[in-house]
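The residues making up each chain are set out below.
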Amino acid sequence: MPSRTRHNVSDAPTLSILMQIVVAALAGGVFATIAAAGTLLLRRSWISRIGVVRGRALLGAVFLELLPHALETGATERVMATVLAGLLAFFALEKLVLWRHAHGHAEHEDGADESEHEHALHAQGADHGRSG
């Protein structure tokens, strides 16, 4: 009579942690690419609204989950210094991008035939370096 062996659930082949990370990263990349391609089908007014929702979701994740956890586990002074440094760095980056983007507006002629890159989409009364 042949002996019967029992197979436990733990005997099933499993992916290593590295392979799980690679599979999750690839799946996330594919999903992000599909989502980005899907935005091309949306109207312009929807794209800005999606950006606002995305920004609010990130801020909610930071202030409701990540920051309290960091304050519980880390030194308060170091965590808050890191938050302040991050806010200042992104503020400076945003100002540099707006400053760099403001090139050549003095020579801009409204009647000139311009490409999309050369300011054809700039609205009258732009924010002149002010941002949200």
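As the structure is a computational prediction, the values presented were derived from the model and not from experiment. (Residues numbered from 1 in each chain as written. Predicted model: local features only at pLDDT ≥ 70, side-chain atom pairs only at ≥ 80, totals over all residues. Heavy atoms only, no water.)

### Side note on the overall build of the protein chain
- Each helix and strand counted, the protein chain has four helices and zero strands in total.
- Put simply, the protein chain runs from its N terminus to its C terminus through helices and strands in the order α-α-α-α.
- The burial tally for the protein chain puts 2% of its 132 residues in the buried class.
- As displayed, the protein chain has an accessible area near 12100 Å², and 66% of this comes from carbon and sulfur atoms. (Helix = DSSP H or I, 4+ residues; strand = E, 2+ residues; numbered from the N terminus. Buried < 20%, exposed > 50% of the residue type's maximum accessible area, 1.4 Å probe, protein only. Areas by Shrake-Rupley, 256 points an atom, 1.4 Å probe, with all protein chains shown as cover.)

### A look at helix H2 (residues 44-73)
- In this model H2 runs 43 Å from its N-terminal to its C-terminal C-alpha over 30 residues, within 8% of the 44 Å that 1.5 Å per residue would give.
- Most pronounced at Val62, the bend in H2 amounts to some 40°. (Expected span 1.5 Å × (residues − 1). Bend = angle between axes of the 7 residues up to and from the residue.)

### Things to note about the environment of Leu42
- With respect to the helices and strands, the residue Leu42 is situated in the loop between helix H1 (17-39) and H2.
- Setting aside residues up to four positions removed in sequence, Leu42 forms contacts with Ile47 and Ile50. (Contact = heavy atoms within 4.5 Å.)

### Points about the layout of surface pockets
- Its boundaries defined by the atoms lining it, the second largest pocket holds a volume of some 240 Å³.
- Along its surface, the second largest pocket is lined by Leu59, Val62, Phe63, Leu67, Thr82, Val83, Gly86, Leu87 and Phe90.
- Those elements that place two or more of their residues in the lining of the second largest pocket are H2 and helix H3 (76-101).
- Here the lining of the second largest pocket gets five residues from one element, more than from any other, and that element is H3. (1 Å grid on protein atoms, 1.4 Å probe; cavity = no way out; pocket = protein on both sides within 12 Å on 5 of 7 lines; lining within 4 Å. Points joined across faces, edges and corners; volume = space filled by probe spheres on them.)

### Points about a nonpolar patch on the surface
- A cluster of nonpolar side chains, contributed by Leu15, Leu18, Met19, Val22, Val23 and Leu26, occupies part of the molecular surface with about 550 Å² of accessible area.
- With respect to the secondary-structure elements, Leu18 resides in helix H1. (Patch = residues over 30% accessible without salt bridge, like charges linked within 9 Å, V, L, I, M, F, W, Y side chains within 5 Å. Salt bridge = Lys/Arg side-chain N within 4 Å of Asp/Glu carboxyl O.)

### Considerations on the confidence of the model for the protein chain
- Looking at the protein chain, the pLDDT average stands at 77 and 66% of residues meet or exceed 70.
- The element-level mean pLDDT for the protein chain is lowest in helix H4 (residues 116-120), coming to 50, with H1 highest at 91. (pLDDT = per-residue confidence, 0-100.)

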